[in-house]
Amino acid sequence: MKPLTESEIRRAFVNCGKGEAKRLHVPRDLAERPWDDLDFLGWRDPQAPDRSYLVAELDGRAVALALRSSSAVAGQARLSMCSMCLTTHSGGVSLMVAAKTGKAGQQGNTVGAYMCSDLACPLYVRGKKDAGVGARLHETLTLEEKIQRTVANLAAFIAKVTA
Ligand SMILES: [Zn+2]
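This text gives an overview of the structure that appears in the document.

Basis of the calculations
Residues numbered from 1 in each chain as written. Predicted model: local features only at pLDDT ≥ 70, side-chain atom pairs only at ≥ 80, totals over all residues. Heavy atoms only, no water. Pairing = 2+ DSSP bridges. Helix = DSSP H or I, 4+ residues; strand = E, 2+ residues; numbered from the N terminus. Axes fitted to C-alpha atoms, helices over the stretch in contact; angles between N-to-C directions. Buried < 20%, exposed > 50% of the residue type's maximum accessible area, 1.4 Å probe, protein only. Polar contact = N/O pair within 3.5 Å; in protein donor to acceptor, adjacent residues only side chain to side chain. Contact = heavy atoms within 4.5 Å. Core = buried A, V, L, I, M, F, W, Y, C linked by side-chain atoms within 4.5 Å. Phe/Tyr/Trp six-rings, centres within 6.5 Å; stacked < 30°, edge-to-face > 60°. Salt bridge = Lys/Arg side-chain N within 4 Å of Asp/Glu carboxyl O.

Before going further, it helps to examine the pairing of strand S3 (residues 61–69). Taken together, the eight bridges between strand S2 (residues 48–58) and S3 define a ladder with antiparallel strand orientation. Each residue of the ladder has a partner; that of Tyr53, found in S3, is Ala66. Hairpin remark: S2 followed by S3, antiparallel, with two residues in the connecting loop; positive phi at Asp59, about 50 degrees. The pairing of S3 with strand S6 (residues 93–99) spans three bridges and is antiparallel. Looking across to S6, one finds that Ser69 is bridged to Met96.

This is the structure in structure tokens:
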């Protein structure tokens, strides 16, 4: 994806208030992120580990989500699969919950998905980050097809949040 600046990312948030979007943690090393290998950028707030964020480019527009991860899943050593990139981790998958946009969100409605806890799905798909033996299913899909599938899964999640 095209590199984004801090202000572009803050403006892209769709499911939190403007005040929160201004204050929330955005990585300082944006310039060093491997944008060429990213379909979306995800990060966690080091001060508040249950808060995660991601920004993707959909139809040429940046869309960012504020996520809460349930700590109930963290620390469990059972194998779980990320629903975005289909990487299996032992204890490295979290239930990420996003408030819905608009009225539905104000009424407390959320959408959840199991995702890699470090939100590094694009790097796992490309083999740039290793999740361990057996983490990736052997598939006959090409890399391009796996990337497209991950993007489609993320787009479907974002569509549910913004529906
Ligand atoms: Zn993943």
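Time to look at the sheet that holds strand S1 (residues 40–45). By definition, the strands of a sheet pair up through backbone hydrogen bonds, in either a parallel or an antiparallel sense. Strand order in this open sheet of five strands is S1-S2-S3-S6-S7, and the pairing throughout is antiparallel. Looking at the sheet topology across the chains shown, the edges are occupied by S1 and strand S7 (110–116). When the angles between neighbouring strand axes are averaged without regard to direction, this sheet yields 30 degrees.

For the rest of this paragraph, the subject is the side chain of Ser94. If you trace the backbone, Ser94 turns up in strand S6. For Ser94, a relative accessible area of 3% gives the class buried. Within the structure, the side chain of Ser94 is placed 2.7 Å from the side chain of Ser117, a separation counted as a polar contact.

Positionally, Ser117 belongs in the loop between S7 and helix H4 (121–125). With 28 residues separating them along the chain, Ser117 and His89 place their C-alpha atoms 9.3 Å apart. Not counting residues within four places of it along the chain, the set of residues in contact with Ser117 comprises Arg44, Gly91, Gly92, Val93, Ser94 and Met96.

All right, on to the nonpolar core then. Residues Ile9, Phe13, Met115 and Phe157 are the most contacted members of the largest nonpolar core, which totals 44 residues. Elements supplying a minimum of two residues to this core: helix H1 (6–12), S1, S2, S3, S6, S7, H4 and helix H5 (143–162). In this structure Met115 touches Phe40, Leu54, Cys82, Met84, Gly92, Val93, Ser94 and Met96, once residues within four positions along its chain are discounted.

Bringing the packing of aromatic side chains into the picture now. As enumerated under the stated definition, the model contains three aromatic pairs in all. Here the aromatic rings of Phe13 and Tyr53 are separated by 5.8 Å at their centres, their planes lie at 90 degrees, and the arrangement is edge-to-face. In this pair, Phe13 sits in the loop between H1 and helix H2 (18–23) while Tyr53 sits in strand S2, placing the two residues 40 residues apart along the sequence. Across the pair, Tyr53 and Phe13 agree in class, each one buried. Pairwise contacts between aromatic rings join Phe13, Trp43 and Tyr53 into one cluster.

A few words now on the pattern of salt bridges. With the rule as written, the count across this model stands at nine salt bridges. Between Asp39 and Arg126 there is a salt bridge, with its nearest N and O atoms 2.8 Å apart. In this pair, Asp39 sits in the loop between H2 and S1 while Arg126 sits in the loop between H4 and H5, placing the two residues 87 residues apart along the sequence. Comparing Asp39 with Arg126 shows no difference in burial state: the two are buried. Between Lys129 and Asp118 there is a salt bridge whose closest N-O contact spans 3.0 Å. Of this pair, Lys129 sits in the loop between H4 and H5 while Asp118 sits in the loop between S7 and H4, placing them 11 residues apart in sequence. In the salt-bridge network here, residues are joined through shared partners; they are Asp37, Asp39, Arg126 and Lys128.

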